[in-house]
Amino acid sequence: MSRIAVIDFETTGISPGMGDRATEVAIVLTERGRVVDRFQSLMNAGVRIPPFITQLTGITNAMVASAPPAERVMAEAARFVGEVPMVAHNASFDRRYWVAELARAGLPACQPFACTVLLSRRLYPEAPSHKLGTLVDHFQLPRTGQAHRALADAEMAHELLGRIQHDLRARHGVAEPDHAFLMALQACTRAALPKFFRARAVATT
DNA sequence: TGCCAGGCCCTCTTTAGGGCCTT
């Protein structure tokens, strides 16, 4: 069963190690490229949201004040994901918050993360940039909801992942670009990509 | 109010520096 969970966090800043906390999490659960379930929740971590972040995301202190505690939301998110491998746009960022917030809830984080930034850098060096919104516009992918809200960004990352998997099949003859393949691809240097595809691709003609 | 990190990647590199990407 080829399941992938696409995750996005909204947070109070860029560094959980410096005290920043998550304010919202969204997860789009996919199976063979199709959305089969969604999880989304604001969370109250008991910290103030800087005005810049409210301006960026639209998430206010009042909104998180009435949200469930972060530990409860993360426990629900962990149950929702289970052992399904994950994908995020700039996964090193979301993975740090996934690990940090689960640790605060006393829960392990064992899921592997693939990254659509790394993958798009490998596959689309001609793209004007590798920001999520820019890639969505570049490929004319659908937008749903407000950018910089967790569910809308997770949906966009899912659409980008679908485009990546489509191109791997159509352009590179990869029969099944599953999560394990994505992890191998993102670990490959650009210079080694031709050899990588020759070794792994399955002819589709 | 403004600032912070970390990993990746490129090059005018490798005994380094700076840009990208996330909030």
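Everything below is about the structure printed above this text.
This text gives an overview of the structure that appears in the document. (Residues numbered from 1 in each chain as written. Chains lettered and ligands numbered in written order. Predicted model: local features only at pLDDT ≥ 70, side-chain atom pairs only at ≥ 80, totals over all residues. Heavy atoms only, no water.)

**Points about the protein's contact with DNA strand B**
Inclusion rule: In these notes, residues near a molecule or strand are those with any non-hydrogen atom within 4 Å of it. In protein, a polar contact means a hydrogen-donor-capable atom and an acceptor-capable atom, both N or O and within 3.5 Å, with residues adjacent in sequence counting only if both atoms are side-chain atoms; elsewhere, any N or O pair within 3.5 Å suffices. Every helix listed is a DSSP run of H or I at least four residues long, and every strand listed is a run of E at least two residues long, numbered separately from the N terminus.
Close to DNA strand B lie 28 residues, the nearest being Glu10, Arg122, His130, Leu132 and Arg190. For DNA strand B, the backbone makes up 62% of the atoms found within 4 Å of the protein, where backbone means sugar plus phosphate. Interatomic distance of 2.7 Å between a side-chain N/O atom of Glu10 and a sugar or linking oxygen of DNA strand B. A distance of 3.4 Å separates a sugar or linking oxygen of DNA strand B from a polar atom in the side chain of Arg96. Elements with a minimum of two residues in the surface near DNA strand B: strand S1 (3–11), helix H1 (51–57), helix H4 (91–104) and helix H5 (116–123).

**Here's the deal with empty space enclosed by the protein**
Defined as follows: Using only the protein atoms, space was sampled on a 1 Å grid; points where a 1.4 Å probe fits but cannot get out form cavities, open sets with protein on both sides within 12 Å along at least five of seven lines form pockets, and lining residues are those with an atom within 4 Å of a point. Grid points are joined across faces, edges and corners, and a volume is the space filled by probe spheres set on the points. Classification used: nonpolar for Ala, Val, Leu, Ile, Met, Phe, Trp, Tyr, Cys and Pro, charged for Asp, Glu, Lys and Arg, polar for all others including Gly.
By the definition in use, this model includes one cavity of 30 Å³ or more. Ala22, Thr23, Met43, Asn44, Ala45, Gly46, Val47, Ile49 and Val64 are the residues that line the largest cavity. Among the residues making up the lining of the largest cavity, the classes are represented as six nonpolar, three polar and no charged.

**Description of unusual backbone geometry**
Only a minority of non-glycine residues have a phi that is not negative, and only a minority of peptide bonds are not trans. So the rule is basically this: Note on exposure labels: buried denotes an accessible area under 20% of the residue type's maximum, exposed denotes more than 50%, and partly exposed covers the range between, all computed with a 1.4 Å probe on protein chains only.
Positive phi outside glycine occurs at Arg32, with the angle close to 55 degrees. The exposed category is assigned to Arg32, whose relative accessible area is 62%. Phi at His148 is positive, roughly 70 degrees, even though this residue is not glycine. Relative to the helices and strands, His148 is located in the loop between helix H6 (132–138) and helix H7 (150–172).

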